[in-house]
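Report on the structure
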Amino acid sequence: MGRSRKDSRRITVDGVVYRYTISPNDGFVALIARPEGARGQRLWVAFRYHDDWVPAGEGASRSAGHRLILPRVVRLALLEGRRRGWDPLATTPDVFRLSDADTLLPAEEWPRFSR
């Protein structure tokens, strides 16, 4: 995963323990997951920020909140990856990508952070 175990989080889905990290990137947030202790294919999932922008004066704006990638969203991403063909035990390709994870939940059901 590129990060140490102490930087990753654990989640159990359907009896399998996974380790995952969530990292900001240019224009999106990346979730990277694989079963704990496995060296197989990683699941890479992209989520757009969907920030709520508010005026901050003189033509500038600031973020007033954004979507959160909480464990229930991680669980949905893992299940969707499996449904679409992600095989965590496969060794090739190295990464299975989902770039449309914003469709996992209806917009009004996404957990959000607000300032």
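Structure's up top.
Residues numbered from 1 in each chain as written. Predicted model: local features only at pLDDT ≥ 70, side-chain atom pairs only at ≥ 80, totals over all residues. Heavy atoms only, no water.

**Some details on the pattern of salt bridges**
The tally for this structure, following the rule as stated, stands at six salt bridges. Among the ionic pairs, E36 bridges to R10, the shortest N-O distance being 3.4 Å. Of this pair, E36 sits in the loop between β3 (28-35) and β4 (42-48) while R10 is found in strand β1 (residues 9-13), placing the two residues 26 residues apart along the sequence. We note a salt bridge from R84 to D100, for which the minimum N-O separation is 2.9 Å. Placement of R84 in the loop between α1 (71-83) and β7 (95-98) and of D100 in the loop between β7 and β8 (112-114) is noted, with a sequence separation of 16 residues between them. Here R84 falls in the partly exposed class, since its relative accessible area comes to 34%. Three or more residues are tied together by salt bridges with common partners; here these are E80, R83, R84 and D100. (Salt bridge = Lys/Arg side-chain N within 4 Å of Asp/Glu carboxyl O. Helix = DSSP H or I, 4+ residues; strand = E, 2+ residues; numbered from the N terminus. Buried < 20%, exposed > 50% of the residue type's maximum accessible area, 1.4 Å probe, protein only.)

**Description of the packing of aromatic side chains**
A full pass over the atoms with the stated rule returns two aromatic pairs. With a centroid separation of 5.9 Å and an interplanar angle of 35°, the aromatic rings of Y18 and W86 are classed as tilted. Taken together, the residues Y18 in strand β2 (residues 16-25) and W86 in the loop between α1 and β7 connect sequence positions 68 residues apart. Residue classification places Y18 among the buried residues on the basis of a relative accessible area of 3%. Centre to centre, the rings of F28 and W44 are 5.7 Å apart; their planes meet at 75°, and the pair counts as edge-to-face. Of this pair, F28 sits in strand β3 while W44 sits in strand β4, placing them 16 residues apart in sequence. Residue placement shows R97 over the ring face of W44; its charged tip is 4.7 Å from the ring centre. (Phe/Tyr/Trp six-rings, centres within 6.5 Å; stacked < 30°, edge-to-face > 60°. Lys NZ or Arg CZ within 6 Å of the ring centre and 35° of its normal.)

**Details of the pairing of β4**
Here β4 lies mainly inside the structure; six of its seven residues are buried. Across six bridges, β3 lies against β4 in antiparallel orientation. Residue pairing in the sheet places A30 in a bridge with A46 of β4. Hairpin remark: β3 followed by β4, antiparallel, with six residues in the connecting loop; positive phi at G37, about 80°. Pairing of β4 with β7 involves four bridges; the strand directions are parallel. Across the sheet, the residue bridging to R42 is V95, located in β7. (Pairing = 2+ DSSP bridges.)

Worth remembering: the numbers are spatial, not functional.
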